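Coordinates in review
Listed below, chain by chain, are the residues.
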Amino acid sequence: MPTGPFHVISPTMAMDKPNLRLPKIPTSNSLNDSFREFLGLSKKKDFTAGLRLVEVRIPNYVIKGATAQLECLYDLDGEALYSVKWYKDGNEFYRYVPRDNPPAQTFRLPGVAVDLHNSSDAIVNLHNVNLQSAGRFRCEVSGEAPSFQTVTEHGDMIVVSLPDQGPPKISGGRPRYQIGDWVRINCTAGRSKPAVNLSWFINGEPAEPQKLRKYDTIVSGREGLETSVLGLQFRVEQQHFRNGDMKLKCVASLSTFYWRSNEESVEGDRPQKAPVLESRGSDSAFASNSRADPVQASKADSLLKARAPSALLLLALATAATFAGVGVGVGCSCVGVSVGVGVGVSWPTTVHSKAGARSIRDSMNNNENNDKKLKRFVRQLRCSVATATTQQQQQQQQQQQQQVLLSAR
């Protein structure tokens, strides 16, 4: 068997001596651990399954004067908690250390008022928040020694000052619009922080972007409150009227906790009805749709007025002849023609349509026929008067002759 510092043991020898211990072959990890022990260092610990943040809850919006609750949920996974710290915009305002007495303490910071009685390692309550309370909040959780592992997460909080003037106001509108008119109106929200979002609706439908007119936000006051203004401009079309009305609504909103609206209903100018003028001589009324009708009617009236005196004169002559007892149809060439002519002259005082003008023309034609009849009657009357005169003269001559004969006897 070879001699020396090294001994080679064959497998056969190991089988023959079952109680013989073989030397352990060192691995790289064991060598690394041995080296760390030689240097006096502790073994490296695996932190992959240690402290971790489960969730950080920070409200996105908080109304001014309300209470905000900040939550920092973590899992130690066997670790010991060293501290929980809260920061606003990089400045610490709350610390929770379990080993301290009391464990919770606060640090003064503008806009931050911690309710210690209702705060713990996982929850921090801020009461009576104001506009200065807005900012970025960060939670930081640290484990105990020797690792002092630290995890952190942040979130933003906005403090809202609601509009101080109620619903939005609509200005610049008119009570009535006609097709083709321009609508130019504005919607103004009350002062708030931040500025509210405005939107326009026409008959319940969102207004198209090209119809909107955007204006810069107006900032005022020590707190920097903001006023939003949004304009609406478009040309009125027939489609904008529903049952003769057009509804214009402005909506002011902020996230999910504020929503106010204002609506105006405007009327469309209805077409004016044509004036209805009634004829005194008829129960029916006509609506004139042509400018020529009144002109024609006025001409007809003037013609009737011009012809009326002659017709009346002829009627007067006929009446006078009748009352004079003049015989008609005796010894004249015009004998056998009846002179009893019934003449009716009538015309409406006012006419207002093509139908009215047509009735006037018919009346004028009738009057012309009556004029002809009257003229023919006058001629017959003259003939009768001449015949009667001749007969009277003959009778007078006969009477004179008889008187002469009697006197001669």
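See the structure printed just above.
Presented here is an overview of the structure given in this document. Worth saying up front: this structure is predicted, and the values here are computed from it rather than measured. Throughout this document, residue positions are counted from 1 along each chain, in the order its sequence is written. In keeping with the model being predicted, local features are shown solely for residues with a pLDDT of at least 70 and side-chain atom pairs are shown and tallied solely at 80 or more, while totals for entire chains, interfaces and linings include all residues. With hydrogens and water set aside, each side-chain value is computed from the structure's full complement of heavy atoms.

Turning our attention to the overall build of the chain. Broken down by element type, the chain carries four helices and 22 strands. Sequence separation of 24 or more characterises 62% of the internal contacts of the chain that already satisfy a separation of 6 or more. Only the protein chains shown count as cover for residues, and the accessible areas themselves come from Shrake-Rupley with a 1.4 Å probe. A total of about 27400 Å² of accessible surface is found on the chain, and carbon and sulfur atoms cover 51% of it. Only runs of H or I of at least four residues qualify as helices and only runs of E of at least two qualify as strands under DSSP, and these elements are numbered from the N terminus. In this description, contact between two residues means that some pair of their heavy atoms is separated by no more than 4.5 Å.

What follows concerns the nonpolar core. Trp 86, Phe 93, Leu 126 and Val 141 are the most contacted members of the largest nonpolar core, which totals 29 residues. At the level of elements, β3 (68-75), β4 (81-88), β5 (91-96), β7 (123-126), β8 (135-143) and β9 (150-160) are the ones that each hand at least two residues to this core. Examining the composition of this core, we find that four residues originate from one element, β3, more than from any other. Apart from the residues within four sequence positions on either side, Leu 126 is in contact with Ala 66, Thr 67, Ala 68, Leu 70, Phe 93, Val 112, Ala 113, Val 114 and Phe 137. Residues Ile 185, Ala 189, Trp 200 and Val 236 belong to the second largest nonpolar core, which totals 24 residues. What makes a nonpolar core is a set of buried Ala, Val, Leu, Ile, Met, Phe, Trp, Tyr and Cys residues whose side-chain atoms join them at distances within 4.5 Å. Three labels apply to residues, based on accessible area from a 1.4 Å probe with only protein chains included: buried if under 20% of the type maximum, exposed if over 50%, partly exposed otherwise in between.

Attention shifts here to the environment of Pro 175. Within the secondary structure layout, Pro 175 lies in the loop between β10 (169-171) and β11 (176-177). Assessed through its relative accessible area of 62%, Pro 175 is described here as exposed. Separated by 91 residues in sequence, Pro 175 and Val 266 have C-alpha atoms that sit 5.2 Å apart. Leave out the neighbours within four places in its chain, and Pro 175 touches Val 266 and Glu 267.

Moving on to the environment of Thr 188. Its location among the elements puts Thr 188 in strand β12 (residues 182-188). With 19 residues separating them in the primary sequence, Thr 188 and Lys 169 have C-alpha atoms 5.2 Å apart. Not counting chain neighbours up to four residues away, the residues in contact with Thr 188 comprise Pro 168, Lys 169, Thr 227, Ser 228 and Val 229.

Here a Phe, Tyr or Trp ring, Trp counted by its six-membered ring, pairs with any other such ring whose centre lies within 6.5 Å, and the pair is stacked when the planes are under 30 degrees apart, edge-to-face when over 60, and tilted otherwise. The full count for this structure, using the stated rule, is three aromatic pairs. Both rings, one in Tyr 61 and one in Phe 257, keep their centres 5.6 Å apart while their planes meet at 55°; by these two values the pair is tilted. On the criterion of sequence distance, the pair formed by Tyr 61 in strand β2 (residues 61-63) and Phe 257 in the loop between β19 (245-254) and β20 (258-268) is long-range, its members being 196 residues apart. Accessibility expressed as a relative area gives 30% for Phe 257, which makes it partly exposed.

Here we come to a nonpolar patch on the surface. Surface patches are defined over residues having more than 30% relative accessible area and no salt bridge, joining like charges when they lie within 9 Å and nonpolar side chains (Val, Leu, Ile, Met, Phe, Trp, Tyr) when within 5 Å. A pair is scored as a salt bridge if a Lys or Arg side-chain nitrogen falls within 4 Å of a carboxyl oxygen belonging to Asp or Glu. A cluster of nonpolar side chains, namely Tyr 61, Ile 63, Ile 158, Leu 162 and Phe 257, defines an oily patch on the protein surface of about 360 Å² accessible area. Under the relative-accessibility criterion, Tyr 61 is labelled partly exposed at 33%.

The disulfide criterion is simple: two cysteine sulfur atoms within 2.5 Å. The final tally for this structure, using the stated rule, is two disulfides. Linked covalently through their sulfurs, Cys 72 and Cys 139 form a disulfide whose S-S length is 1.9 Å. On the sign convention where negative is left-handed, the bridge of Cys 72 and Cys 139, at about -85° about the S-S bond, is left-handed. Pair noted here: Cys 72 is in strand β3 and Cys 139 is in strand β8, with a separation of 67 residues, a long-range link. Each member of the pair Cys 72 and Cys 139 is classed as buried. Shown here is the disulfide that connects Cys 187 with Cys 250, its sulfur atoms set 1.8 Å apart. Residues Cys 187 and Cys 250 are joined by a disulfide whose S-S torsion is about -80°; by sign, that bridge is left-handed. Of this pair, Cys 187 sits in strand β12 while Cys 250 sits in strand β19, and the two are 63 residues apart along the sequence.

Moving on to the sheet that holds β7. Strands were regarded as paired on the criterion that DSSP finds at least two bridges between them. One open sheet accounts for three strands, arranged β1-β3-β7; its pairing is antiparallel. Only two strands of the sheet have a single partner each, and these edge strands are β1 (52-57) and β7. Each neighbouring strand pair of the sheet contributes to a mean axis angle of 10°, computed without reference to strand direction. Pairing of β3 with β7 involves four bridges; the strand directions are antiparallel. Opposite Gln 69, over in β7, you have Asn 125 as the bridge partner. The convention used is that axes are lines fitted to C-alpha atoms, helices contributing only their stretch in contact, and that angles between N-to-C directions extend from 0 to 180 degrees.

Taken together, the three bridges between β2 and β9 define a ladder with parallel strand orientation. By the bridge assignment, Val 62 is partnered in β9 with Val 159. As paired elements, β8 and β9 share eight bridges and run antiparallel to each other. If you follow Val 141 over to β9, its bridge partner there is Val 151. With antiparallel pairing between neighbouring strands as the criterion, β8 and β9 make up a hairpin whose turn holds six residues, including Phe 148 at a positive phi of roughly 50°.

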